[in-house]
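Close look at the chain arrangement
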Amino acid sequence: MSIATVAVIGSGLMGRGIAYAAALGGYQTLVHDASSEALARALSQIGRDLDAGVARGKVAPEGAEAARARLSTLAELDDAARAADFVIEAVPEDLALKRSVFARLDALARPGVVLSSNTSALSIAQIAAATGRRDRVLGMHFFNPVPKMKLVEIVRGPETSEAAVAVTAEVARGMGKETIVVKESPGFVTSRINALIGNEAFHMLGEGIATAEDIDKGVKLGLNHPMGPFEMVDLVGLDTRLAVLEHLHRTLGEKYRPAPLLVQHVKAGRLGRKSGRGVYEYPEKK
Ligand code: NAD
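Residues numbered from 1 in each chain as written. Predicted model: local features only at pLDDT ≥ 70, side-chain atom pairs only at ≥ 80, totals over all residues. Heavy atoms only, no water.

Details of the site of the ligand
Just so we agree on the cut-off: A cutoff of 4 Å decides nearness: a residue is near a molecule or strand if any of its heavy atoms lies inside that distance of it. A 3.5 Å cut-off defines polar contacts: any pair of N or O atoms within that distance qualifies, except that in protein one atom must be a possible hydrogen donor and the other a possible acceptor, and neighbouring residues in sequence count only when both atoms are side-chain atoms. Accessible surface area values rest on a Shrake-Rupley calculation with a 1.4 Å probe, where residue burial reflects the displayed protein chains alone. In this description a helix means any DSSP run of H or I spanning at least four residues, a strand means any run of E spanning at least two, and both kinds are numbered starting from the N terminus. For this classification, Asp, Glu, Lys and Arg are treated as charged, while Ala, Val, Leu, Ile, Met, Phe, Trp, Tyr, Cys and Pro are nonpolar and the rest, including Gly, are polar.
Taken together, 22 residues surround the ligand, and among them M14, D33, E93, K98 and S120 come closest. M14 has a polar backbone atom sitting 2.8 Å from an oxygen atom of the ligand. V91 is positioned with one of its backbone polar atoms (N or O) 3.4 Å from an oxygen atom of the ligand. In isolation the ligand offers 830 Å² of accessible surface; the protein chains occlude 73% of this area. Examining the composition of the shell around the ligand, we find that 3 residues originate from one element, helix α5 (residues 95-108), more than from any other. Across the shell around the ligand, the residue classes tally to 10 nonpolar, 9 polar and 3 charged.

Okay, structure coming up:
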């Protein structure tokens, strides 16, 4: 089946970025959110992102216009599910909620349609089990901010078919993204590696091996990462990072035990940019 219409379910931080990339990639893009305010906010943010893309010379003015014309918002999930050739779900990270959304999507979407989830960590097997099409359910893990980040991790559940992976890779490519294919496992590829690097950086800082600035500088200039581990964790949120590490520690073992200094920072409310203080200070946010 060739994919013309993509439905995006949930239009928060990730859903609106996904809708932006889908519309710009040439897909008729139907965006649904349970909240009409969120839907209106998403539409105006996508408009601003398109304007910013044009201003930076990344998007042709005609391309932005065409993308706007391809976007529509739908108040009812059922309408989006019925019309879609491919579905990308981006509702909050709550298994019961995702399972109920997938059961509804499964009941209404045409039988061949692939249902994908942007989950960061939940089990694809458990989401797929809420449907009658386990072979056509998989993870499609985008990165924030979606318009700028090139990668999509395609996450295969135990019953996901090759055909579903192939269709998803084609849609991701159409949206201008590169893909990797990962077997369902805690942290997939990227979060697992990133959590370990970030945790090691906290161990080193706690042991007084180098300053935070020098650890960041070493990783950027010596290893060619665009951001240092502390710049990155301040952006992601130290509480979010701690939650990921705790999950990896529980599921994969001792190697992932959160560093004491990270735990201490979170207890002290040093959560990163969002709280005005993480590893670094952000006086303007306090
Ligand atoms: P968000 O809270 O910004 O957006 C979620 C949206 O879903 C909200 O607008 C909410 O109104 C809507 N919603 C809630 N229940 C709904 C329902 N039943 N039907 C339709 N819409 C509903 O969350 P987010 O940060 O965009 O995260 C969405 C998903 O993407 C989560 O699974 C998250 O783990 C994953 N993710 C997030 C990031 C990130 O950096 N934030 C990165 C990768 C993946």
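Some points on the sheet that holds strand β8 (residues 178-183)
So the rule is basically this: Here the rule is simple: two strands pair whenever DSSP picks up at least two bridges between them. The axes used here are C-alpha line fits, helices contributing only the stretch in contact, and every angle between their N-to-C directions lies in the interval 0 to 180 degrees.
Read from one edge of the open sheet, 8 strands run β3-β2-β1-β4-β5-β6-β7-β8, paired in mixed fashion. The sheet is open, and its two edges are formed by β3 (71-74) and β8, each paired on a single side. Averaged over neighbouring strand pairs, the angle between their axes works out to 25 degrees when direction is ignored.

Let's talk about the domain arrangement of the chain
Stated formally: Domain boundaries shown here were taken from an automatic or database domain assignment.
Here the chain is described as being made up of domain 1 (5-183) and domain 2 (194-275). Each of domain 1 and domain 2 has a C-alpha centre, and these two points are 30 Å apart.

Here's the deal with helix α10 (residues 229-236)
To keep it simple, the criterion reads: Burial classification: accessible surface area is computed with a 1.4 Å probe over protein chains only, and a residue below 20% of its type maximum counts as buried, one above 50% as exposed, and the rest as partly exposed. To obtain the arc, one takes the directions from the helix axis to the C-beta atoms. In this description, contact between two residues means that some pair of their heavy atoms is separated by no more than 4.5 Å.
Restricting attention to buried positions, one finds in α10 the residues P229, F230, V233 and D234. Along α10, the residues classed as buried sweep out an arc of 135 degrees about the axis, all on the same side. Next to the buried residues of α10 lie α8 (190-206), α9 (212-223) and α11 (238-252). The positive-phi residue at the C-terminal boundary of α10 is G237, with phi of around 105 degrees.

Regarding the packing of α9 against α10
Note the following rule: For classification purposes, angles smaller than 35 degrees are called roughly parallel, those larger than 145 roughly antiparallel, those between 65 and 115 roughly perpendicular, and all remaining angles oblique.
Two elements in contact, α9 and α10, have axes separated by 7 Å at closest approach and are oriented at 105 degrees. Classed by the angle they form, the pair α9 and α10 counts as roughly perpendicular. Side by side, α9 and α10 meet where A212, I215, D216, V219 and K220 of the first sit next to P229, F230 and E231 of the second.

Overview of unusual backbone geometry
With omega at -5 degrees, the peptide bond leading from N144 into P145 counts as cis. As for its position among the elements, P145 is in the loop between β6 (137-141) and β7 (151-156). Even without being glycine, F188 reaches a positive phi, approximately 45 degrees. Structurally, F188 is set in the loop between β8 and α8. Residue classification places F188 among the buried residues on the basis of a relative accessible area of 4%. A positive phi angle, close to 65 degrees, is found at N224, a residue other than glycine. Relative to the elements of secondary structure, N224 occurs in the loop between α9 and α10.

Description of the pairing of strand β2 (residues 28-32)
Where we set the bar: Here a crossover is taken to be right-handed if, once the strands point away from the viewer, the path from the first strand over the helix to the second is traced clockwise.
Here β2 lies mainly inside the structure; 4 of its 5 residues are buried. Viewed along the sheet, the connection from strand β1 (residues 5-9) through helix α1 (residues 13-24) into β2 turns out right-handed. Pairing of β2 with β3 involves 4 bridges; the strand directions are parallel. Looking across to β3, one finds that H32 is bridged to L74.

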